[in-house]
Amino acid sequence: MTRTRVPPVLVTGATGRIGRVVVDLLIAAGLPVRALTHRSEAAAALPGCVEIVTGDLTVPESLDAALRGVSTVFLVWTAPPATAPAVIERLAAHARRVVFLSAPHQTPHPFFQQPNPMAALHADIERLIAAAGLESTIIRPGMLASNALFWWAPAIRAGDVVRWPYGAAETAPVDERDVAAVAARTLYQDGHAGGDYVLTGPESLSQAEQVSIIGDVLGRRIRFQELSPDEFRSETEGSWPRPAVDMLLAAWGATIGHPAFITSTVFDILGSAPRSFRQWAADHATAFTEGPPPSS
Ligand SMILES: NC(=O)c1ccc[n+]([C@@H]2O[C@H](COP(=O)([O-])OP(=O)(O)OC[C@H]3O[C@@H](n4cnc5c(N)ncnc54)[C@H](OP(=O)(O)O)[C@@H]3O)[C@@H](O)[C@H]2O)c1
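Structure report, in brief. (Residues numbered from 1 in each chain as written. Predicted model: local features only at pLDDT ≥ 70, side-chain atom pairs only at ≥ 80, totals over all residues. Heavy atoms only, no water.)

Here's the deal with unusual backbone geometry
Counted only if it meets this: The numbering of helices and of strands both runs from the N terminus, where a helix is a DSSP run of H or I of at least 4 residues and a strand a run of E of at least 2. With a 1.4 Å probe rolled over the protein chains alone, any residue whose accessible area is under 20% of its type maximum counts as buried; one over 50% counts as exposed, and the rest are partly exposed.
Its identity is not glycine, yet Tyr166 carries a phi of approximately 50°, on the positive side. Within the fold, Tyr166 resides in the loop between strand E7 (161-165) and strand E8 (170-171). Relative accessible area serves as the criterion here: at 21%, Tyr166 is assigned to the partly exposed category.

The following block contains the structure:
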């Protein structure tokens, strides 16, 4: 008797915040996983049963080995845009389906409607995927809860004050484990072709409330000190890319006075409630007390 070999799912961004969890969930669902990595040191952290193939999204021909024999791809794009058309063309020559990690750039809420180069890139890739005739599922997380680690952990490790702009700006941080769970589900379950899923956390919380929740979880009082947009620009000068700073300031500024946009999509797809920001903070508490020295 001959056995049909199940083609592997190619996971790009397999070492990243979402892709890494997608890898684990696909393995748990019994699927063979091939991971695309472009830094060999990052690949070392992947489970032993994962087939690791190196390739670089900025060098389309480097992807041929990774694409051979796959039918489904999880696509995460953090590279510059120039090679996207050639990569999608190559992808369509091998695969039938793509699940693309995008963003809610079409959502009619002020937070998502500010000028944003990432939105333009995501929209372009979606157009390329559609034009290539690939079956697609688009995953659109709002603000990821783990941004709090990048933004506030250095200050919280160093003291009890977070200096930040727009404390009153509300977002609905979504736990990256929920985003990964939805992505994995759409990769291993039928019925998601054509799916377009905006994913948010369960509650609208101001940035000051989010900092306060982290303090609660740590058993400390963390003070939120409001910065003006210009103070934030000068404090991040040289350490953050200016377009990213301007993009965030525009989004936070535009959302003042509006509750965050919230969807039930995580629940609708997984059948379980999205994790709260408090839960996320509790599960990552040590990252706010231990870790690399804060950059000054
Ligand atoms: N942050 C948010 O709140 C948010 C919200 C909505 C959507 N998004 C979107 O989510 C996506 C992921 O963002 P993230 O910050 O979460 O990603 P991330 O964790 O930084 O992961 C980036 C991944 O991309 C891989 N990668 C980078 N450059 C590559 C290249 N040239 N070729 C192949 N692989 C490459 C990295 O692999 P190596 O480890 O091998 O370098 C890594 O696995 C982005 O498109 C972002 O716009 C983010």
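Notes on the site of the ligand
Short version of the rule: Any residue with a non-hydrogen atom lying within 4 Å of a molecule or strand is treated as near it. Method for areas: the Shrake-Rupley scheme with a 1.4 Å probe, in which residue coverage is limited to the protein chains shown. We call Asp, Glu, Lys and Arg charged. Ala, Val, Leu, Ile, Met, Phe, Trp, Tyr, Cys and Pro are nonpolar, and the rest, Gly among them, are polar.
Taken together, 25 residues surround the ligand, and among them Thr15, Arg17, His38, Arg39 and Asp56 come closest. Contact with the protein chains removes 81% of the 920 Å² of surface that the ligand exposes when unbound. Partitioned by chemical class, the residues of the shell around the ligand number 11 nonpolar, 11 polar and three charged.

What about helix H6 (residues 147-158)?
Which entries qualify depends on this criterion: Working rule for helices: expected span equals 1.5 Å times residues minus one. Only heavy atoms enter the contact rule, under which two residues are in contact if any of them lie within 4.5 Å.
The end-to-end C-alpha distance of H6, which contains 12 residues, comes to 18 Å, matching closely the 16 Å that a straight helix rising 1.5 Å per residue would cover. Buried within H6 we find Asn147, Ala148, Trp151, Trp152, Ala153 and Ile156. Taken together, the buried residues of H6 touch E7, helix H8 (207-218), helix H10 (242-255) and helix H12 (277-283).

A short note on helix H1 (residues 19-28)
The cut-off we apply is this: Our arc is simply the arc of the directions from the helix axis toward the C-beta atoms.
For H1, the set of buried residues is Gly19, Val22, Val23 and Leu26. Considered in projection along H1, the buried side chains sweep an arc of 105° and stay on one side of the axis. Those residues of H1 that are buried lie in contact with strand E1 (9-11), strand E2 (33-37), strand E4 (72-76) and helix H7 (176-188). Looking at the residues trailing H1, positive phi occurs at Gly30, about 90°.

Observations regarding the packing of H6 against H8
Stated precisely, the cut-off is as follows: Helix axes use the C-alpha atoms of the stretch in contact, all axes being lines fitted to C-alpha atoms, and the angles between their N-to-C directions lie in the range 0 to 180 degrees. With respect to orientation, any angle under 35 degrees is reported as roughly parallel, any angle over 145 as roughly antiparallel, any angle of 65 to 115 as roughly perpendicular, and every other angle as oblique. Two helices that cross are described as forming a left-handed crossing if the nearer one is turned anticlockwise from the farther one by less than a right angle, and a right-handed crossing if clockwise.
Axis separation between H6 and H8 bottoms out at 12 Å; the angle between their running directions is 60°. Considering the angle they form, H6 stands oblique to H8. Relative to H8, the crossing made by H6 is right-handed. On H8, the residues that touch Ala148, Trp151, Trp152 and Ile156 of H6 are Gln207, Gln210, Val211, Ile214 and Leu218. Of the residues contributing to the contact of H6 with H8, the split by class is seven nonpolar, two polar and no charged.

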